Amino acid sequence: MYQDKIIRPTKVVIVPGNGAGNVEHCNWYGWVKKQINKIPEMQCLLKNMPDPMTARESIWVPFMEKELHCDEETVIIGHSSGAAAAMRYAETHKVYGIVLVSAYVSDLEDENERESGYFNRPWQWETIQTNCRQIVQFGSTDDPFLPWSEQQEVADGLGAELHKYTDRGHFQNTQFHELINVVQKIVNGPA
């Protein structure tokens, strides 16, 4: 993890899962945005993503760079395919941190996931670690879409601060208090 100059996070970007529809009204995304925007000197961005069904890396990563301006002062919160996008983004860009929710490492033998492009090469765990000051992961053993072994592989590969649950499924609830607590710790913690 890089420590070459003092930088504080000023922005949080929420990258949703694919198929989210209007992201302001999907899962916990809009609620989390409102809560983060209450934190002094913090801005939270949440936008409908282009290519929302397949979530292609070739479209989402450039959008994160050019439209969402994810940079060294940005914490990226990625949910599901948004977590895959956050990890691939951090392979080639320095960001303040990534918070991964329902992250996974393979296409799960699903054609749509295969088409996304995130899973066609090995993950660069060390590069991601080097490009992030903070890495936090939320996962649940009862996720109906992701086997725990996939989520654990992310945690092991990144040395993530893991928040493991047994009863949260794919984190599709409307509020996410634990996520807000983590963001507040990142914002207020040492740089």
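These numbers come from a predicted model, not from an experiment. (Residues numbered from 1 in each chain as written. Predicted model: local features only at pLDDT ≥ 70, side-chain atom pairs only at ≥ 80, totals over all residues. Heavy atoms only, no water.)

Describing the overall build of the protein
Turning to step 1, where the next piece is worked out: From N to C terminus, the protein includes seven helices and six strands.
Turning to step 2, where the next piece is worked out: Each helix (α) and strand (β) of the protein, taken in turn from the N terminus, gives the series β-α-β-α-β-α-β-α-α-β-α-β-α.
Turning to step 3, where the next piece is worked out: Over its C-alpha atoms the protein spans a radius of gyration of 15 Å, differing by no more than 12% from the 16 Å that the globule rule assigns to 191 residues.
Turning to step 4, where the next piece is worked out: Across its three principal directions, the C-alpha atoms of the protein cover 40 × 35 × 35 Å.
Turning to step 5, where the next piece is worked out: The burial tally for the protein puts 56% of its 191 residues in the buried class.
Turning to step 6, where the next piece is worked out: Sequence-distant contacts, at least 24 apart, represent 72% of the contacts inside the protein between residues at least 6 apart. (Helix = DSSP H or I, 4+ residues; strand = E, 2+ residues; numbered from the N terminus. Rg over C-alpha atoms; globule rule 2.2 N^0.38 Å. Buried < 20%, exposed > 50% of the residue type's maximum accessible area, 1.4 Å probe, protein only. Contact = heavy atoms within 4.5 Å.)

Focus: the packing of helix 1 (residues 29–36) against helix 7 (residues 177–188)
Turning to step 1, where the next piece is worked out: Closest axis-to-axis distance for the helix 1/helix 7 pair is 10 Å, and the angle between their directions is 35°. With respect to the hand of their crossing, helix 1 and helix 7 are arranged in right-handed fashion. Residue-level inspection shows W31, V32, Q35 and I36 of helix 1 in contact with helix 7, the latter providing H177, L179, I180 and V183.
Turning to step 2, where the next piece is worked out: Taken together, the residues that form the contact of helix 1 with helix 7 break down as six nonpolar, two polar and no charged. (Axes fitted to C-alpha atoms, helices over the stretch in contact; angles between N-to-C directions. Left-handed = near helix turned anticlockwise from the far one by under 90°. Nonpolar A, V, L, I, M, F, W, Y, C, P; charged D, E, K, R; others polar.)

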